[in-house]
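Examining the three-dimensional arrangement
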Amino acid sequence: MPDQLALEFPVDDVRRRFPALERAGPFVFFDNAAGAQIPDTVLEAVTDHLLARNVQRGGPYRQSREVDAMIGRARESVAAFVNACGADEVAFGLNATSFIRAISLAVGQTLGSRPEIVLSDLDHEANIATWLALERAGARIVWWRARVGDDGARLHTADLGPLVTERTRLVACTMASNATGSLVDVADVAWRAHAVGAEVFLDAVHYAPHGPIDVQALDCDYLVCSGYKVFAPHMGFAWCRREAINRLPTFREDFIPDVTPDKLEAGTYAYENVAGMEAAVGYLEHLGRRCHPGRATRAEALRVAMTTIAAYERGPCMASPPPSACATASRRCASAWRVSTRRRSRQALRDATSVSAAAICTRRG
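All values derive from a computational prediction rather than experimental measurement.

Quick notes on the rules
Residues numbered from 1 in each chain as written. Predicted model: local features only at pLDDT ≥ 70, side-chain atom pairs only at ≥ 80, totals over all residues. Heavy atoms only, no water. Helix = DSSP H or I, 4+ residues; strand = E, 2+ residues; numbered from the N terminus. Buried < 20%, exposed > 50% of the residue type's maximum accessible area, 1.4 Å probe, protein only. Areas by Shrake-Rupley, 256 points an atom, 1.4 Å probe, with all protein chains shown as cover. Pairing = 2+ DSSP bridges. Disulfide = S-S within 2.5 Å. pLDDT = per-residue confidence, 0-100. Contact = heavy atoms within 4.5 Å. Axes fitted to C-alpha atoms, helices over the stretch in contact; angles between N-to-C directions. Parallel < 35°, antiparallel > 145°, perpendicular 65-115°, else oblique. Left-handed = near helix turned anticlockwise from the far one by under 90°. Nonpolar A, V, L, I, M, F, W, Y, C, P; charged D, E, K, R; others polar. Phe/Tyr/Trp six-rings, centres within 6.5 Å; stacked < 30°, edge-to-face > 60°. Core = buried A, V, L, I, M, F, W, Y, C linked by side-chain atoms within 4.5 Å. Expected span 1.5 Å × (residues − 1). Polar contact = N/O pair within 3.5 Å; in protein donor to acceptor, adjacent residues only side chain to side chain.

A count of helical and extended segments in the protein gives 17 helices and nine strands. In the protein, which comprises 365 residues, the proportion classed as buried is 53%. Counting every atom, the protein has about 16,000 Å² of accessible surface; 52% of that belongs to carbon and sulfur.

What follows is the structure, given as structure tokens:
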């Protein structure tokens, strides 16, 4: 089934939806881990917002009410993307790192008899340094170490067992390593943490562009993501279990309600980029319905889209380009080399020719 999904992926039609690819000429955008390109509908949504309603939310006039309505739709869209119980569990802001910092500061005020935070050495620095800073507040860091084997460095949940105890406040880990690409069985992490009364914080940034997310099935408590990794402009979102986030003493102005999502949205964020995030989810929903028509719900269409993307990225279309693609790639090598000399991160926008370009340039480097 995955191979069939990969073969059915409409990569040529998908690439035509991205204006930057049309304008790039021989340049190959291959550092997708730093941020993806955006489809045409996302660009249109951002432009429309800036032209028609570039105002503050919460006002009585039409344009301000339209901003409120757009944010509400965007929350519903992201809630469907991560299969949240409700749209009020979704907050918007600058990026995943800023949400990690905000939530970690609040967690640091609630340690009490549970001073231990479990971190992994396979995580991005953003999901390490923010928690290490809590040592000044009395936190004790417990390290969950990766094992290095023939298949690279991986986190094994069996190793987590002895680390989580009645003194554990929270386990923070990634869904997929930004360094190795290895996946973590985060549902098992949640089961082990919850068994001792601890919470689970997930960094979904490096996984989100490559597969479906279901926070209910994962049974996590907090999940953060940067929307610009999943075809949106530069912004971030956080999903937090309603009961968990409402207990935390997050920073907020006095006039901001002490409930989700308001309590995590300090200050004014870039509403136009939230409009782009709504459009990015719409793009993925359309892709899911295009690949497999007849899906009844939005959540189903999004799950199909992300499952199909995952199959395509694992499939032969990405791994074994034809000789003709290699010949074309050699002529594009200089531009590809300037894009990324060390980290080459693939995404479902890639076709065989662009994959070949990076591979050839790496060999020449």
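Consecutive side chains of a regular strand alternate in pointing toward one face of the sheet and then the other. Side-chain alternation along strand β1 (residues 90-93) places Val90 and Phe92 on one buried face and Ala91 and Gly93 on a second face that is also buried. In the sheet, β1 pairs with strand β9 (residues 236-240) via four bridges, with the strands oriented antiparallel. Of the residues in β9, the one forming a bridge with Gly93 is Gly236.

This paragraph deals with the state of the cysteines. This structure, assessed with the given rule, holds zero disulfides. You can see Cys173 has no disulfide; the closest cysteine sulfur is in Cys220, sitting 9.4 Å from it.

Quick look at the confidence of the model for the protein now. For the protein, the mean per-residue pLDDT works out to 87, and 84% of the residues sit at or above 70. Confidence drops under pLDDT 50 across residues 319-344; counting only partners more than four residues distant or on other chains, this segment forms 46 contacts. The model gives residues 355-365 a pLDDT under 50, and that stretch makes 26 contacts with residues more than four places away or in other chains.

Attention now goes to the packing of helix α5 (residues 62-82) against helix α13 (residues 298-314). Each packed pair of helices is defined by two parameters, the angle between the axes and the distance between the axes. Taken N-terminus to C-terminus, the directions of α5 and α13 make an angle of 60°; their axes are 8 Å apart at the nearest point. Classified by the interaxial angle, the pair formed by α5 and α13 is oblique. Where α5 crosses over α13, the handedness of that crossing is right-handed. Across from Glu76, Ser77, Ala80 and Phe81 in α5, the residues of α13 making contact are Arg298, Ala299, Leu302 and Met306. In terms of residue class, the contact of α5 with α13 is made up of five nonpolar, one polar and two charged.

So, on to the sheet that holds β1. Pairing is mixed across the open sheet formed by seven strands, whose spatial order is β1-β9-β8-β7-β6-β2-β3. The open sheet is flanked by β1 and β3 (140-144), the only strands paired with a single partner. Averaged over all neighbouring strand pairs, the angle between strand axes comes to 20°, with direction disregarded. Here strand β7 (residues 199-203) runs beside strand β8 (residues 222-226); their pairing, made up of three bridges, is parallel. Within β8, the residue paired with Phe201 across the bridge is Tyr222. Seen against the sheet, helix α6 (residues 96-108) touches β1, β2 (116-120), β6 (168-174), β7, β8 and β9 and runs at an angle of roughly 155° to β8.

Our focus in this paragraph is the packing of aromatic side chains. In the structure shown here, the tally under the stated rule is nine aromatic pairs. Here Phe9 and Tyr312 contribute two aromatic rings whose centre-to-centre distance is 4.6 Å and whose plane-to-plane angle is 25°, an arrangement assigned as stacked. Taken together, the residues span a long stretch of sequence, with Phe9 in the loop between α1 (2-8) and α2 (11-16) and Tyr312 in helix α13 at a distance of 303 residues. Classification of Phe9 by relative accessible area gives buried; the value is 5%. Taking the centre distance of 5.7 Å and the plane angle of 65° together, the rings of Phe18 and Phe231 count as edge-to-face. One end of the pair, Phe18, is in the loop between α2 and α3 (19-23); the other, Phe231, is in the loop between β8 and β9, and 213 residues separate them in sequence.

On to the nonpolar core, then. One finds Phe81, Phe92, Met175, Leu202, Ile213 and Leu223 to be the most contacted residues of the largest nonpolar core, which totals 73 residues. Other than its neighbours up to four places away in sequence, Met175 contacts Ser182, Leu183, Val184, Val186, Leu202, Asp203, Ala204, Tyr207, Ile213, Leu218 and Leu223. Counting 28 residues, the second-largest nonpolar core is a separate cluster that includes Ala106, Ile141, Phe201 and Val205.

Moving on: helix α9 (residues 186-195). Val186, Asp188, Val189, Ala190 and Ala193 are the residues of α9 that are buried. Next to the buried residues of α9 lie β3, α8 (157-160), β6, β7 and α10 (215-218). Taken from the residues just after α9, Gly197 is the one with a positive phi, measuring 85°.

Moving on, we get to unusual backbone geometry. Omega for the peptide link from Thr260 to Pro261 comes to 0°, which places this bond in the cis form. Along the chain, Pro261 turns up in the loop between α11 (242-247) and α12 (271-291). For Asn83, which is not glycine, the phi dihedral falls at a positive 55°. The residue Asn83 is located in the loop between α5 and β1 in this model.

Between its first and last C-alpha atoms α12 spans 31 Å; for 21 residues at 1.5 Å apiece the expected length is 30 Å, and the two agree. Most of α12 sits out of view: 17 of its 21 residues are buried.

Let us look at the environment of Ile256. By the secondary structure assignment, Ile256 is in the loop between α11 and α12. With a relative accessible area of 16%, Ile256 lands in the buried category. In this structure, the C-alpha to C-alpha distance between Ile256 and Gly267, residues 11 residues apart in sequence, is 9.6 Å. Among all residues touching Ile256, those that are not within four sequence positions of it are Asp262 and Lys263.

Summarising the element assignment, Thr180 is placed in the loop between β6 and α9. Residues Thr180 and Ala153 lie 27 residues apart in sequence; the distance between their C-alpha atoms is 7.0 Å. For Thr180, the residues in contact, after removing those within four places along its chain, are Leu122 and Ala153. A distance of 2.9 Å separates the side chain of Thr180 from the side chain of Ser182, its partner in a polar contact.

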